[in-house]
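# Fold and geometry: a report
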Amino acid sequence: MQHILILFCVLLFTITTFSNAQTIKVRGPQSKFDSTHDYYVGLLELAYRKINKPLTIKLSPYMVQQRALNELKAGRLIDIYWAGTDSERESTLGFVPIPLVKGLLGYRVFTAHQSATTELNKISTLDQLKTHRLCQGAHWPDTDIMIAAGLNVMPNAIYENMFKQAYSGRCFAFPRGINEAHSEVLSRKKSMPELIVYDKVILHYPFPMYFFIKKSNETLIADVTNGLNKAIEDGSFDDYMKSHVSTKHLFPLSKWKSSTVIRIDNPFLDPNRDINNSKYWVNLGH
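About the criteria used
Residues numbered from 1 in each chain as written. Predicted model: local features only at pLDDT ≥ 70, side-chain atom pairs only at ≥ 80, totals over all residues. Heavy atoms only, no water. Pairing = 2+ DSSP bridges. Helix = DSSP H or I, 4+ residues; strand = E, 2+ residues; numbered from the N terminus. Axes fitted to C-alpha atoms, helices over the stretch in contact; angles between N-to-C directions. Contact = heavy atoms within 4.5 Å. Parallel < 35°, antiparallel > 145°, perpendicular 65-115°, else oblique. Left-handed = near helix turned anticlockwise from the far one by under 90°. Nonpolar A, V, L, I, M, F, W, Y, C, P; charged D, E, K, R; others polar.

## Comments concerning the sheet that holds strand β11 (residues 260-263)
Taken together, the four strands give an open sheet; going across it, the order is β8-β5-β9-β11, and neighbouring strands pair in mixed fashion. If you trace the sheet from one side to the other, it starts and ends with β8 (174-177) and β11, each paired once. Direction aside, neighbouring strands of the sheet carry axes that sit 45° apart on average. Examined bridge by bridge, strand β5 (residues 107-113) and strand β9 (residues 195-204) share six bridges and lie antiparallel to one another. When the bridges of β9 are listed, Phe110 appears paired with Tyr198. Where helix α8 (residues 159-168) meets the sheet, its contacts fall on β5, β8 and β9, and the angle it forms with β8 comes to roughly 130°.

Right, dumping it as structure tokens:
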């Protein structure tokens, strides 16, 4: 009888915990090759573990960035969305002001067909990079940053198409976050065997990726903020970055000292952001 009572209590606790778990809707992967999607979902789960709140993640269909932001504002298909920031997004949405990859998204390496290597080897300045056409997302703040710097950008709204354009030579290269490129190329090894990551030259601008949330959802904003800050304070945020498949290859960061870094400004970033705060931002040794 005692065993039955214990079993009943455990079952009741499990059911109660599950029923009290917060359900958060996020967008699905951009494609079957979207190797970084799991990183952000896992980071969200880490934040909730730190505040001891049960969490259930529900995947909504994939949608292009602008539609996702519209759905977020309306409070319909998604509750939280990870994206690069700009002043407009910060003024119309709530957000957690903690860079999700500690600023590494602003270090852009070049995804390209291996035949572009010879020309890539010749690039060491911004003026040289300007002579080549680059693929970039139509609704991404990166596109505006690059255009403001005078780069030749060919926008496309479809994530997978930009890899195809770089592979076919329609654009010279597809700049990707240094935390994104290697796993993305690896996941396409069968379909695009001659796709490479060129990281001897890195394009850099200060560019944080944030969790965006509907402004009125103050509880969700506070929970994610508190959870991520706890993870940063106890070191588990860094441990997560150093162990996740999409970011672990970046460490130790000193390995990038030999790369040439071409720096451009980000005129769309809030000037009050302290990009030198090592608690939230990392530097690739330059």
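We are not done yet, so read on.
## Regarding the packing of helix α2 (residues 37-50) against helix α11 (residues 236-243)
Following both chains from N to C, one finds α2 and α11 inclined at 155°, their axes separated by 11 Å at the closest point. Accordingly, the angle class assigned to the pair α2 and α11 is roughly antiparallel. Handedness of the crossing formed by α2 with α11: right-handed. Contacts between α2 and α11 involve Asp38, Tyr39, Gly42, Leu43, Leu46 and Lys50 from the former and Ser236, Phe237, Tyr240 and Met241 from the latter. Here the residues of the contact of α2 with α11 are counted per class, giving six nonpolar, two polar and two charged.

That's the geometry; what it means functionally is another story.
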